[in-house]
Amino acid sequence: MEWTGARYADQPEVEVETWMAAPPERVWPLVSDVGAMPATSGELQAVDWTDGATGPCAGARFVGHNSHPSLGEWSATATVVTCEPPAEFAWEVDGEGGPAARWSFRLEGDDGGTRVRQHVRLGPGRSGLSHAIDRMPDKEQKIVFVRLREFEASMTATLAAIRTAAESSSEGAVP
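All values derive from a computational prediction rather than experimental measurement. (Residues numbered from 1 in each chain as written. Predicted model: local features only at pLDDT ≥ 70, side-chain atom pairs only at ≥ 80, totals over all residues. Heavy atoms only, no water.)

Colleague: How should the pairing of strand β5 (residues 88–95) be read in this particular structure?
Modeller: Within a regular strand, the side chains alternate between the two sheet faces. With six bridges connecting them, strand β4 (residues 72–84) and β5 associate as antiparallel partners. For glutamate 84, the partnering residue across the bridge sits in β5 and is glutamate 88. The hairpin turn running from β4 into β5, its antiparallel successor, is three residues long. Note that β5 and strand β6 (residues 98–110) share eight bridges and pair antiparallel. In the strand pairing of β6, tryptophan 91 is matched with tryptophan 103. Between the antiparallel neighbours β5 and β6 lie two residues, among them glycine 97 with a positive phi of about 85°. (Pairing = 2+ DSSP bridges. Helix = DSSP H or I, 4+ residues; strand = E, 2+ residues; numbered from the N terminus.)

Colleague: When you look at the sheet that holds β5 in this model, what are you seeing that I'm missing?
Modeller: The strands making up a sheet associate through hydrogen bonds between their backbones, and the pairing can be parallel or antiparallel. Taken in spatial order, the seven strands line up as β1-β7-β6-β5-β4-β3-β2 in an open sheet, and their pairing is antiparallel. The outermost strands of the open sheet, each flanked by one partner alone, are β1 (13–20) and β2 (44–50). Averaged over all pairs of adjacent strands, the angle between their axes in this sheet comes to 20°, without regard to strand direction. Examined bridge by bridge, β2 and strand β3 (residues 61–68) share six bridges and lie antiparallel to one another. If you follow threonine 50 over to β3, its bridge partner there is arginine 61. Across the sheet, helix α1 (residues 24–31) touches β1, β4, β5, β6 and β7 (113–122), and the angle it forms with β6 is around 160°. (Axes fitted to C-alpha atoms, helices over the stretch in contact; angles between N-to-C directions. Contact = heavy atoms within 4.5 Å.)

Colleague: Just to check I follow, could you spell out the environment of alanine 46 for this structure?
Modeller: Its place among the elements puts alanine 46 in strand β2. Through-space distance from the C-alpha of alanine 46 to that of leucine 159 is 18 Å; in sequence the pair is 113 residues apart. With sequence-adjacent residues up to four places away left out, alanine 46 is seen in contact with Pro38, Val63, Gly64 and His65.

Purely geometric numbers; function is a separate question.
Shown next as structure tokens:
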């Protein structure tokens, strides 16, 4: 990821992609199983479905419990905004004044496998990162850049774990 000088209000984003030697129907359960995501994330610690939801569908809500060495521990509620098997899964994290982030996976059949893209866009709603920027406004661009780099590294690891699971199992369960 190259330096962009982006500010939070710019709604900065990052995307990571990989190809998997598995059909989209095998990859889909892996990208849409938010309950399994903590196994592939250093930051996301646990996920709980809320409001009677038990799995992914448009409108379903869940709470993600997170931990970060610099940002501390927090929980955030998210809403599934797109659930179109086996092509796209997306959710928005609640923030002050609108979504704090929008996360998504896009799957596309490609050369006998699946091209998977994971994407995140920050804002426009305020988040914990906004509060860090409030404390150090002169460092906003660096704070945003570092956070996007962290997301890029985490997303790369997540896609690698999903690829391993999808390619090694006909059922595609994350280890």
